[in-house]
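As a plain string of letters, each chain reads:
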Amino acid sequence: MGNVNEVLEGRYSRQILLPRIGVEGQERLGQTSVLVLGCGALGSVMAEILVLAGLGLVRIVDRDVVEPSNLQRQALFDEEDARLCMPKAEAAQRRLRLYNSHVRIEGIVADMNPGNVARFLDGISLVLDGTDNVETRYVLNDACLRSGIPWVYGGSVGTAGIAMTVMPGLGPCLRCIFPDPPAPGSLPTCDTVGVLGTAPHLVASLQATEAIKLALGDHSGAGRLISFDVWTATFTAIDVKRQESCVACGRGRYEFLDRDALSWVTSLCGRNAVQISPPRDSSLDLSALAETLAEVGQVAFNGLVLTATLEGHDVVIFPDGRLLVRGTTDKTLARQLAARYLGY
Amino acid sequence: MVQTMKILINSKEKSVPPNTTVAALLSQMEINARYIAVELNGIIVDGQELARTVLQPGDKVEIVRFLGGG
Ligand SMILES: [Zn+2]
């Protein structure tokens with residue numbers, strides 16, 4: 001085994017040289033399991049950094065497929081992934097396994113919701129937020145507080161970015177700062193105002209740094225809210241205090257976990273798409289479904305996800321039973337399609 | 001004579017009339033208070049306190065927006 005260690009010490013020698021890490025710190029990294037929730041601009045950068053840095057397990061959960069508009073800033077994916085509508089979690093897993101074979105990498109194609117979040121947190125020491133919408137972050141905040149798992153919030157739109165570590169029991173949580181989620185449609189999103197690749201890259205770098213610090217037992221980032229604009233080169237760091245009146249961490253009420261997970265309809269924040277999740281954890285036989293749907297519409301199955309044109313609407317169907325209707329924000333229409341073709 | 005006082009908003013100096021509340025400052029800047037956090041001299045101002053919190057000369061105000069993209 002000495003040989004293996006020598007190889008690894010060579011591989012990680014530059015970060016082992018850092019007094020804050022050292023051989024012992026590197027070993028701790030190798031024993032740390034992280035969940036990267038969402039594999040867009042933030043998630044793909046964080047996953048890459050942590051896989052290269054030699055974490056023990058990097059679990060990546062993402063619900064989407066690679067689209068051409070991702071390629072401007074998400075360097076983990078390529079044109080072939082977009083052409084094949086590859087699920088991001090799967091594409092990321094394949095790529096990252098080539099980057100570092102010493103790290104366990106789990107790509108899971110799924111949409112995190114109150115009903116399944118506990119499953120993704122199982123065995124995880126810390127969570128990195130790479131989600132692309134408001135609601136999911138509040139679910140994550142509640143789930144992590146309840147399980148006592150630290151998580152690192154990150155967000156980016158336009159040329160702006162923000163990041164903060166939430167350390168349950170030690171520092172403030174997301175709801176200490178933003179007590180209630182902004183209403184859907186009230187915030188600018190990457191799809192309405194655009195995003196420069198460097199802004200999410202910087203957020204993701206800060207988040208990944210926090211992950212490495214947390215893995216090494218350094219909690220100094222808890223409650224330090226960093227916000228910046230890469231274009232004007234303005235950076236602010238505020239030390240936020242925990243609010244005793246906070247509904248979540250102060251009073252221990254996890255409202256976002258109590259919500260009915262049954263009819264989980266999400267209009268994807270500015271994405272001009274609506275997603276319908278199945279009533280409960282399920283798995284679809286997509287190749288059989290492809291045959292059925294071929295009778296009524298144009299269907300393509302790449303072995304991982306099924307894309308089809310049904311009644312003139314572009315849909316993507318995932319093995320976990322989710323239906324994504326593109327080119328609409330009409331939830332009723334999406335529900336109708338789900339009911340007609342998937343039976344829920 | 002119109003009096004003003006100086007405060008710092010996100011590290012930039014700004015002049016406002018005396019007795020300006022945080023809520024009035026936000027509405028003057030056309031910022032919807034629901035989607036931001038305001039920190040005054042290092043402490044987050046509770047949403048319900050924005051209209052009751054009167055700014056003093058030299059106050060340091062940080063306004064942080066929720067960013068949902070990722
Ligand atoms: Zn809190």
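Just above sits the structure.
In this report, we go over the structure that sits alongside the text. (Residues numbered from 1 in each chain as written. Chains lettered and ligands numbered in written order. Predicted model: local features only at pLDDT ≥ 70, side-chain atom pairs only at ≥ 80, totals over all residues. Heavy atoms only, no water.)

### Focus on the overall build of chain A
Reasoning step 1: Secondary structure assignment for chain A yields 13 helices and 14 strands.
Reasoning step 2: Radius of gyration (C-alpha) of chain A: 20 Å, near the 20 Å computed for a compact globule of 344 residues.
Reasoning step 3: Across its three principal directions, the C-alpha atoms of chain A cover 65 × 55 × 40 Å.
Reasoning step 4: When each of the 344 residues of chain A is scored for burial, the buried share is 54%.
Reasoning step 5: Taking as baseline every contact in chain A between residues at least 6 positions apart, the subset at least 24 positions apart corresponds to 66%. (Helix = DSSP H or I, 4+ residues; strand = E, 2+ residues; numbered from the N terminus. Rg over C-alpha atoms; globule rule 2.2 N^0.38 Å. Buried < 20%, exposed > 50% of the residue type's maximum accessible area, 1.4 Å probe, protein only. Contact = heavy atoms within 4.5 Å.)

### Quick look at the coordination of the zinc ion
Residue and element names in this part refer to chain A.
Reasoning step 1: Protein coordination of the zinc ion is provided by C173 (SG), C176 (SG), C246 (SG) and C249 (SG), with donor distances spanning 2.3 Å.
Reasoning step 2: With four donor atoms in place around the zinc ion and angles of 91 to 124 degrees between them, the coordination shape is tetrahedral.
Reasoning step 3: Sequence positions of the residues that donate to the zinc ion give the spacing C-x2-C-x69-C-x2-C. Of this pair, C173 sits in the loop between strand 6 (160-166) and helix 9 (174-177) while C246 is found in the loop between strand 8 (234-239) and strand 9 (265-267), placing the two residues 73 residues apart along the sequence. For the pair C173 and C246, a shared accessibility class is recorded, and that class is buried. (Donors = N, O, S within 2.8 Å, 3.2 Å for Na, K, Ca; no water. Tetrahedral: all angles 85-135°; square planar, octahedral: opposite > 155°, others 65-115°.)

### A look at the pairing of strand 7 (residues 224-229) of chain A
The side chains of a regular strand alternate between both faces of the sheet.
Residues and elements named next belong to chain A.
Reasoning step 1: Relative to strand 7, strand 6 is paired through four bridges, and the arrangement is antiparallel. Bridged to A160 within strand 7 is D229.
Reasoning step 2: Count of turn residues in the strand 7/strand 8 antiparallel hairpin: four residues, of which A233 carries a positive phi of about 55 degrees. (Pairing = 2+ DSSP bridges.)

### Notes on helix 8 (residues 134-147) of chain A
Residue and element names in this part refer to chain A.
Reasoning step 1: For helix 8, spanning 14 residues, the distance from its first C-alpha to its last is 20 Å, which sits close to the expected 20 Å at 1.5 Å a residue.
Reasoning step 2: Burial analysis of helix 8 places 11 of its 14 residues in the buried class, which makes it a mostly covered element.
Reasoning step 3: Buried within helix 8 we find V134, T136, R137, Y138, V139, L140, N141, D142, A143, C144 and L145.
Reasoning step 4: Here helix 8 starts with a cap whose side-chain oxygen sits 3.3 Å from the backbone nitrogen of E135, and that cap is N133.
Reasoning step 5: Where helix 8 terminates, the next one or two residues include G148, which has phi positive at roughly 70 degrees. (Expected span 1.5 Å × (residues − 1). Polar contact = N/O pair within 3.5 Å; in protein donor to acceptor, adjacent residues only side chain to side chain.)

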